[in-house]
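Examining the three-dimensional arrangement
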Amino acid sequence: MSKEPDRIFAQPLAQVPDFVFNEDVVRVFPDMIKRSVPGYPTIVENLGVLAAQFAQPHTALYDLGSSLGAVTQSLRRHVRTDDCRVIAVDNSSAMVERCREYLNAQDSMFQELLPVQVIDGDILSLDFQPASVIALNFTLQFISRDQRLGLLQRIRQALVPGGALILSEKLRFADSQEHDLLTDLHIAFKRANGYSELEIAQKRSAIENVMKPDSLEEHRERLLAAGFSKVVPWFQCLNFASLIALP
Ligand SMILES: C[S@@+](CC[C@H](N)C(=O)[O-])C[C@H]1O[C@@H](n2cnc3c(N)ncnc32)[C@H](O)[C@@H]1O
Ligand SMILES: O=C(O)C(=O)C[C@]1(C(=O)O)C=C[C@@H](O)C=C1
């Protein structure tokens, strides 16, 4: 994995453009996401551990919005179920290209890994195969709000009995005191990871039009409306959480 440090917002920009998952972001993404999302390494590693409990033989495991394939690699490290395959999907060609390189490297280092297919495409127009595990790891927040329910309904329909959706997201909070406290603590987390006030402020304005977090209650209600029977949060660190949704 690239060790290049994230300095994308280090210099003052006359106008901060909307955040895009382009080649510049791809180069620094492992560093960026680790220094920006509290608990990210724990979520990714345990996603594989959880997936191994839900994986069913002869099904697909999806990594939706796979970026560089961190979740796909974790699924391949942990799932040993017969005749499963991983399908990673991302609509950033720059991400997909680098993801394929990393997965080839994983293939050359380990034997008996689950087969994997990386699709350069939009998860909103995906034709789902019967699936036992579907991961949306910090991806739903980038989908426009009016398309989230439809996507979750399609995911629900693709899931076989015994399977699960694992959904990780940045959260907002209905209670303004709770929201402000956790936002301040997230900023302190970024500062402690070496980001300057300028980098924090410019990143914030870059993502505010493209990334729209919901509250835990909104997620729960939408998942139930999409046909899931049970929603179980399994991890929260500051304003970032991960949920298991059962069909
Ligand atoms: C924050 S990143 C996900 C991080 C990744 N899952 C991980 O755990 O390392 C969000 C990803 O979702 C992808 N994405 C956003 N909208 C998408 C869409 N409609 N279809 C496919 N991928 C999408 C972006 O290109 C980006 O790579
Ligand atoms: O909230 C932030 O500041 C973030 O940087 C979060 C976040 C995310 O949650 O996906 C946003 C964009 C980058 O992909 C990495 C992290």
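About the criteria used
Residues numbered from 1 in each chain as written. Chains lettered and ligands numbered in written order. Predicted model: local features only at pLDDT ≥ 70, side-chain atom pairs only at ≥ 80, totals over all residues. Heavy atoms only, no water. UniProt positions renumbered as here; feature names shortened; annotations may be inferred. Helix = DSSP H or I, 4+ residues; strand = E, 2+ residues; numbered from the N terminus. Buried < 20%, exposed > 50% of the residue type's maximum accessible area, 1.4 Å probe, protein only. Salt bridge = Lys/Arg side-chain N within 4 Å of Asp/Glu carboxyl O. Expected span 1.5 Å × (residues − 1). Contact = heavy atoms within 4.5 Å. Pairing = 2+ DSSP bridges. Axes fitted to C-alpha atoms, helices over the stretch in contact; angles between N-to-C directions.

An unreviewed UniProt entry annotates the protein as Carboxy-S-adenosyl-L-methionine synthase originating from Pseudomonas eucalypticola. UniProt, in the comment section headed Sequence similarities (unreviewed entry), describes the protein in these words: "Belongs to the class I-like SAM-binding methyltransferase superfamily. Cx-SAM synthase family."

With that settled, the discussion passes to unusual backbone geometry. The residue D83 is not glycine, and still its phi comes out positive at about 55 degrees. Tracing the backbone through its elements, the reader meets D83 in the loop between α3 (70-78) and β2 (85-90). Overall, the relative accessible area of 51% leaves D83 in the exposed class. Although it is not a glycine, L238 sits at a positive phi angle of roughly 55 degrees. One can find L238 in the loop between β6 (230-237) and β7 (240-246). A relative accessible area of 24% places L238 in the partly exposed class.

The full count for this structure, using the stated rule, is 12 salt bridges. If you follow the salt bridges from partner to partner, you end up with E23, D24, R27, R98 and E101 in one network.

So, on to helix α4 (residues 93-109). Taking 1.5 Å of rise per residue, the 17 residues of α4 would be expected to cover 24 Å, and the 25 Å separating its terminal C-alpha atoms lies within 8% of that figure. Within α4, burial applies to A94, M95, V96, R98, C99, Y102, L103 and Q106. Residues of α4 that are buried make contact with α1 (23-36), α3, β2 and β3 (116-120).

In this section: the UniProt feature "domain: Methyltransferase" (unreviewed entry) in the protein. UniProt records the feature "domain: Methyltransferase" (unreviewed entry) at residues 63-163, using the numbering of this structure. Secondary structure content for residues 63-163 is 40% helix and 25% strand, while the C-alpha to C-alpha distance between its ends is 14 Å.

This brings us to the side chain of D31. Take D31: it is sitting in helix α1. On the basis of relative accessibility, which here comes to 16%, the residue D31 falls in the buried class.

Attention now moves to the sheet that holds strand β1 (residues 60-64). Pairing within the open sheet is mixed, and its seven strands lie in the order β3-β2-β1-β4-β5-β7-β6. The open sheet has two edge strands, β3 and β6, and neither has a second partner. Averaged over neighbouring strand pairs, the angle between their axes works out to 15 degrees when direction is ignored. Two strands pair when backbone bridges link them, and β1 and strand β4 (residues 131-137) are joined in this way by five bridges, in the parallel orientation. Paired with D63 across the bridge in β4 is A135. Sheet strands touched by helix α5 (residues 145-158): β1, β4 and β5 (159-170). Its angle to β5, the strand with the most contacts, is close to 150 degrees.

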